[in-house]
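The residues making up each chain are set out below.
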Amino acid sequence: MARAGLTVERVVAAAADLADEVGFENVTVSALARHFGVKDASLYSHIKNVQDLRTRLALLAGEEMIDHIAAAVAGCAGKDALAAFAGAYRTYALKHPGRYAATQIRLDQPLAADSRAMRRTAEITYGMLRAYGLEEPDLTDAVRLLRSTFHGYCALEAAGGFNASRDVRASWDKAVDALHRALEHWPREERREAQHKEKSTS
């Protein structure tokens, strides 16, 4: 029988807080049961298993993160939007390390397609990049560049990987500026194809 007062929402919210405290990889049903002062069986009335718990946590964190980003980029365009997006991403990743780690796990495709957070993330990210005049397949390439840059930088910063005396925020701002310039002068796919055809016929 489920313990009175426990709900799926309370369980997942507690898991998110626990992830930030001890690390996403250490979020288990047993650890969460200890937090609530109940036996593991009490939680299985609300979640299927640890994978279900971590998936729900990933979806919660994804919604929180994109809400934070959406609020930051509202009313912005071009470089301002990129800087706001990047800043909100970094702030969330550093403030909520366990939640952020959850957003990086791979979700089942049907679940990801049905996720409000995933849809909003795609809408906001692709919308920002279309302002640079990008279309597919360049959009996907640009999204991968931004994601790998943001994630790599935040992961290194969180791990204390930057030891030089240069201010970490200053380097971040330079990186965002460099991304803006790269997006403005993106080597578009159709241009490369045209150049290839021109060379092959000359």
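Here, every reference points to the structure presented above.
Residues numbered from 1 in each chain as written. Predicted model: local features only at pLDDT ≥ 70, side-chain atom pairs only at ≥ 80, totals over all residues. Heavy atoms only, no water.

## What about the overall build of the protein chain?
Along its length, the protein chain carries 11 helices and 0 strands. Each helix and strand of the protein chain, ordered N terminal to C terminal, gives the series α-α-α-α-α-α-α-α-α-α-α. Along the first, second and third principal axes, the C-alpha atoms of the protein chain reach 75 × 45 × 35 Å. Expressed as a percentage of its 202 residues, the buried residues of the protein chain come to 38%. Considering only contacts in the protein chain between residues 6 or more positions apart, those separated by 24 or more positions represent 69%. Here the protein chain has roughly 11700 Å² of accessible surface; of this, 52% comes from carbon and sulfur atoms. Here the protein chain holds 27 positive side-chain charges and 27 negative ones, and the gap between their average locations is 2 Å. (Helix = DSSP H or I, 4+ residues; strand = E, 2+ residues; numbered from the N terminus. Buried < 20%, exposed > 50% of the residue type's maximum accessible area, 1.4 Å probe, protein only. Contact = heavy atoms within 4.5 Å. Areas by Shrake-Rupley, 256 points an atom, 1.4 Å probe, with all protein chains shown as cover. Lys, Arg positive; Asp, Glu negative; His and termini not counted. Charge placed at Lys NZ, Arg CZ, Asp CG, Glu CD.)

## Side note on the pattern of salt bridges
Applying the stated criterion across every chain, the model contains 11 salt bridges. With its nearest N and O atoms 3.1 Å apart, the salt bridge here joins Asp17 to Arg99. Placement of the pair is Asp17 in helix α1 (residues 8-22) and Arg99 in helix α6 (residues 97-103), with a sequence separation of 82 residues. Across the pair Arg56 and Asp52 runs a salt bridge whose closest N-O atoms are separated by 3.2 Å. Placement of the pair is Arg56 and Asp52 together in helix α4 (residues 50-73), with a separation of 4 residues, close to one helical turn. Taking the relative accessible area as the measure of exposure, Arg56 reaches 33% and is therefore partly exposed. (Salt bridge = Lys/Arg side-chain N within 4 Å of Asp/Glu carboxyl O.)

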